Amino acid sequence: MSGKPHCSELLDVDPDEASEELTEVVCLESELQDGQMMEVEVGRHNVLLVRSEGIYSAIGNQCTHYGAPLSKGVLSGHRVRCPWHGACFNIQTGDLEEFPGMDCLPCHTVKVENNKVYVSVNKKAARQTKRIKSMGSRVEGVIHTILLLGGGSASLVCAETLRQENFGGRIIMVTRDNLLPYDKTRLSKVMNVENDSILLRRMEFFHKYDIEVWLSKEAMSLDTEKKKVTFDDGSVQSYDQLLISTGCRAKGLECPGKDLENVKMLETPEDARQIHVACIGCHIVIVGTSFVGMEVASYMTDKASSITVIGSSELPYQKTLGPEIGKVTMMMLAEKDVAFYMNDNVSEVRGENGKVKEVVLKSGTVIPADVLIVGIGVIPNSEFLQGTPIAMDSKSSVIVDKCMRTNVLEVFCGGDLATFPLTMAKDQRVNIGHWQMAQAHGRVAALNMLNIPTELNSIPYYWTVLLGKNIRYTGYGEGYTDIVVKGKAEEQKFLAFYIKDDEVIAAASLNYDPAVSAVAERFAAGNTITKKEAESDDLRWLKLKLS
């Protein structure tokens, strides 16, 4: 149940008065059944009212990630899941329980009298739609040092979780970037982006909670016996516990002309801005039909003179989202005059005066190009671990257990660099480069550093944006053998279920919110979704009213 209630009356308190507390009747008790939620207004404040197991609670209604209305999300037990990107919040405390959000929600007082439900909002606190969970800082005399290599989401969440759990030692985060931790998911979606607008935390935050951040510094070697890391400037730092989350870097082309000017790769905000400027009014070629390549093509449709996409498979997203969705995304971009050359690869990049002029494909096709953007995969930043006893797989990713521990005592790993057992995939070791999973890694690592035994149990959740439309994805679909599609992919409204061994192992949707969040909740609860349920025309098992 969602939508604003019919009944609303103000109680003796004018919202413009100086009182810090604003109390309103928001609904009648009979309007909200157990296991339901609704959006209500208290003064000018948007509140989510929930009734679960007979108890009413009220929290902020805007997800702290990108502001999605939680009233349109999925309520399951004592938490609500965002309809857009899957963040979860405790309905009684407002605390963040699952990423990609960074902050908690404000929590408000609820009481029931004479069959009326009253919500009280502290006006001063309600001015903020986000709440930072209570955090400690460094304690004098505590010399224990935790070193975090990498400045991405895994390191940031690890640092914050340590302080939330009142760790009083030294925390050092080291990144080769020249920028504080930022929202990397936006680089391919909003390319002309200012650094300030994507920072996850500002320097004042790190100062306040005594988290040291060393910028423009890269680890070159690690001595696990002496517990020391040597950096590119020659400095050495000792540690008691270590998190390695140095991530991956973009993989370049291996062909003649690969080093010509205007051959671009997207890794940093500066890269994104340069690509934006370089492509305006120009002929651009994008190599790779991954999420990044397709998002860049989408972003450039109203900026470049022409856009050509080169893919090595038959269709975009073929292995991840399947042929039906691949066809739809290709069609969406083709309608914006994006040209596709699939089942092909770049054999040569020809230049003139040191700049890209043409891209030659293995098929012999020659494509004029002013800018070539390469998005063909990533390389793990793990070279500095060579020669250490830390176990890695054949792709140079670091092997960890469900507690994010490596095989070396007090050394942890998280983010894109980690290969870990995924609970929902029957503990199959996987490497998942999702923002939300990296955050979960950071939290789990921090808790286990503090001897709070915690295993990773997050459900992968991903999203991509094409021409202003959002495709959501949850689960782990590798090895699927069948796809069941609800709706019509060609009409750009669908819900797809990925099947393996007669069970749903992943789901994707477009214009079908909050179905993917509902599926994620089923996965999180450990409940099997059968192929029969997926094939049924009756989707009430999702416990949603889907229009």
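Scoring rules and cut-offs
Residues numbered from 1 in each chain as written. Predicted model: local features only at pLDDT ≥ 70, side-chain atom pairs only at ≥ 80, totals over all residues. Heavy atoms only, no water. Helix = DSSP H or I, 4+ residues; strand = E, 2+ residues; numbered from the N terminus. Rg over C-alpha atoms; globule rule 2.2 N^0.38 Å. Buried < 20%, exposed > 50% of the residue type's maximum accessible area, 1.4 Å probe, protein only. Contact = heavy atoms within 4.5 Å. Areas by Shrake-Rupley, 256 points an atom, 1.4 Å probe, with all protein chains shown as cover. Lys, Arg positive; Asp, Glu negative; His and termini not counted. Charge placed at Lys NZ, Arg CZ, Asp CG, Glu CD. UniProt positions renumbered as here; feature names shortened; annotations may be inferred. Pairing = 2+ DSSP bridges. Right-handed = clockwise from strand over helix to strand, strands pointing away. Axes fitted to C-alpha atoms, helices over the stretch in contact; angles between N-to-C directions. Domains from an automatic or database assignment. Salt bridge = Lys/Arg side-chain N within 4 Å of Asp/Glu carboxyl O. Polar contact = N/O pair within 3.5 Å; in protein donor to acceptor, adjacent residues only side chain to side chain. Nonpolar A, V, L, I, M, F, W, Y, C, P; charged D, E, K, R; others polar. Patch = residues over 30% accessible without salt bridge, like charges linked within 9 Å, V, L, I, M, F, W, Y side chains within 5 Å. Phe/Tyr/Trp six-rings, centres within 6.5 Å; stacked < 30°, edge-to-face > 60°. Lys NZ or Arg CZ within 6 Å of the ring centre and 35° of its normal.

*Asks:* Looking at this structure, I do not really get the overall build of the protein chain. What am I missing?
*Replies:* Looking only at helices and strands, the protein chain features 10 helices and 37 strands. A compact globule built from 547 residues would reach a C-alpha radius of gyration of about 24 Å, and the protein chain, at 25 Å, matches this within 12%. Counting only C-alpha atoms and orienting by the principal axes, one finds that the protein chain spans roughly 80 × 65 × 50 Å. Taken across its 547 residues, the protein chain has 54% of its residues classed as buried. Within the protein chain, counting contacts between residues at least 6 apart in sequence, those at least 24 apart form 58% of the total. Total accessible area computed for the protein chain in this model is approximately 23900 Å², and 46% of it derives from carbon and sulfur atoms. Where the 59 positive side-chain charges of the protein chain centre and where its 72 negative ones centre are 1 Å apart.

*Asks:* Would you take a moment to explain helix α5 (residues 269-279) for this structure?
*Replies:* What sets the pattern is the α-helix's 3.6 residues per turn: residues three or four places apart point alike. Within α5, eight of the 11 residues are buried, which leaves the element mostly enclosed by the surrounding structure. Pro269, Asp271, Ala272, Arg273, Ile275, His276, Ala278 and Cys279 are the residues of α5 that are buried. Tucked inside the fold, the buried residues of α5 contact α3 (195-198), β20 (263-265), β21 (283-287), α6 (291-300) and β27 (371-374). Gly281, located one to two residues past α5, shows a positive phi value of around 70°.

*Asks:* Mind showing me how you'd approach the UniProt feature "domain: Rieske" (unreviewed entry) in the protein chain here?
*Replies:* Under the local residue numbering, the UniProt record ascribes the feature "domain: Rieske" (unreviewed entry) to residues 24-119. Within residues 24-119, the helical portion is 0% and the strand portion 51%, while the C-alpha atoms at the span's ends are 6 Å from each other.

*Asks:* Would you mind showing me how to read the pairing of strand β13 (residues 170-174) here?
*Replies:* Every regular strand shows the same layout, with side chains that alternate between the two sheet faces. Most of β13 sits out of view: four of its five residues are buried. Summarising the sheet, strand β12 (residues 145-149) and β13 pair through five bridges and their orientation is parallel. Note on β13: the bridge partner recorded for Leu148 is Met173. Between the parallel pair β12 and β13, the chain is carried across by helix α2 (residues 153-164), and the sense of this crossover is right-handed. In this sheet, strand β14 (residues 211-214) lies alongside β13 in parallel orientation, the contact comprising four bridges. Paired with Ile172 across the strands is Glu212, a residue of β14.

*Asks:* What is the right way to read the sheet that holds strand β26 (residues 366-368) from this model?
*Replies:* For sheets, the rule is that strands pair by backbone hydrogen bonds, running either parallel or antiparallel. Overall, antiparallel pairing links the three strands, which are arranged β24-β25-β26 in an open sheet. Pairing within the sheet leaves two strands with one partner each, and these edge strands are β24 (346-352) and β26. Direction aside, the axes of adjacent strands within the sheet are offset by 25° on average. As defined by bridge partners, strand β25 (residues 355-361) adjoins β26 across three bridges and the pair is classed as antiparallel. Across the sheet, the residue bridging to Val359 is Ile367, located in β26.

*Asks:* Which parts of the structure should I look at to understand the domain arrangement of the protein chain?
*Replies:* It is common to give the size of an interface as the accessible area lost on bringing the parts into contact. Looking at the assigned domains, one finds that the protein chain contains domain 1 (21-122), domain 2 (145-247 + 381-450), domain 3 (252-376) and domain 4 (468-542). One C-alpha centre belongs to domain 1, the other to domain 4, and the line joining them spans 26 Å. With 12 residues of domain 1 at the interface, the matching set in domain 4 holds eight residues. Linking domain 1 with domain 4 are two salt bridges, by the criterion used here. Across the pair Arg79 and Glu521 runs a salt bridge whose closest N-O atoms are separated by 3.0 Å. Taken together, the links from domain 1 to domain 4 amount to five residue pairs in polar contact (both at pLDDT 80 or more). The set of elements that each furnish at least two residues to the side of domain 1 that touches domain 4 consists of β6 (74-76) and β7 (79-81). Of the residues assigned to the side of domain 1 that touches domain 4, the class counts are five nonpolar, four polar and three charged.

*Asks:* Just to check I follow, could you spell out the environment of Ala520 for this structure?
*Replies:* Relative to the elements of secondary structure, Ala520 occurs in helix α9 (residues 515-524). Between the C-alpha atom of Ala520 and that of Gly354, which follows or precedes it by 166 residues, the distance is 49 Å. Here Ala520 is in contact with Arg81, Ile459, Tyr461 and Thr474, once residues within four sequence places are set aside.

*Asks:* What should I look at first to understand a negative patch on the surface in this one?
*Replies:* Among the surface-exposed residues, Asp501, Asp502, Glu503 and Glu535 lie close enough to one another that they form a single negatively charged patch. Judged by its relative accessible area of 30%, Glu503 falls in the partly exposed class.

*Asks:* Honestly, the packing of aromatic side chains in this entry has me stumped. Any pointers?
*Replies:* In this description, an aromatic ring pair is defined by two values, namely the gap between the centres and the angle between the planes. A complete count under the given rule lists eight aromatic pairs for this structure. With a centroid separation of 6.2 Å and an interplanar angle of 75°, the aromatic rings of Trp214 and Phe231 are classed as edge-to-face. Here Trp214 is found in strand β14, whereas its partner Phe231 is found in strand β16 (residues 228-231), with 17 residues between them in sequence. On the accessibility criterion, Phe231 (2% relative accessible area) is buried. Grouped by ring-pair contacts, the aromatic residues Phe291, Tyr317, Tyr462 and Trp463 constitute a single cluster. Just above the ring of Tyr118 sits the side chain of Lys111; from NZ or CZ to the centre is 5.7 Å. Across the ring face of Phe231, the terminal group of Lys217 is positioned such that the distance to the ring centre comes to 5.4 Å.

*Asks:* Looking at this model, I keep getting lost on the environment of Pro69. Mind explaining?
*Replies:* Mapped onto the secondary structure, Pro69 falls in the loop between β5 (55-60) and β6. Residue Pro69 is classed as partly exposed on the basis of its relative accessible area of 25%. With 143 residues separating them along the chain, Pro69 and Glu212 place their C-alpha atoms 35 Å apart. If we ignore the near neighbours within four places in the chain, the residues touching Pro69 are Asn61, Pro83 and Trp84.

*Asks:* What should I look at first to understand the pattern of salt bridges in this one?
*Replies:* Two side chains of opposite charge can pair, provided their charged atoms sit close to one another. One pass over the structure, following the stated rule, counts 26 salt bridges. Between Glu212 and Arg170 there is a salt bridge, with its nearest N and O atoms 2.5 Å apart. Taken as a pair, Glu212 in strand β14 and Arg170 in strand β13 lie far apart in primary sequence, 42 residues in all. Note that Asp482 is salt-bridged to Lys531, the shortest N-O span being 3.1 Å. Pair noted here: Asp482 is in strand β35 (residues 482-488) and Lys531 is in helix α10 (residues 531-535), with a separation of 49 residues, a long-range link. Here Asp482 falls in the partly exposed class, since its relative accessible area comes to 28%.

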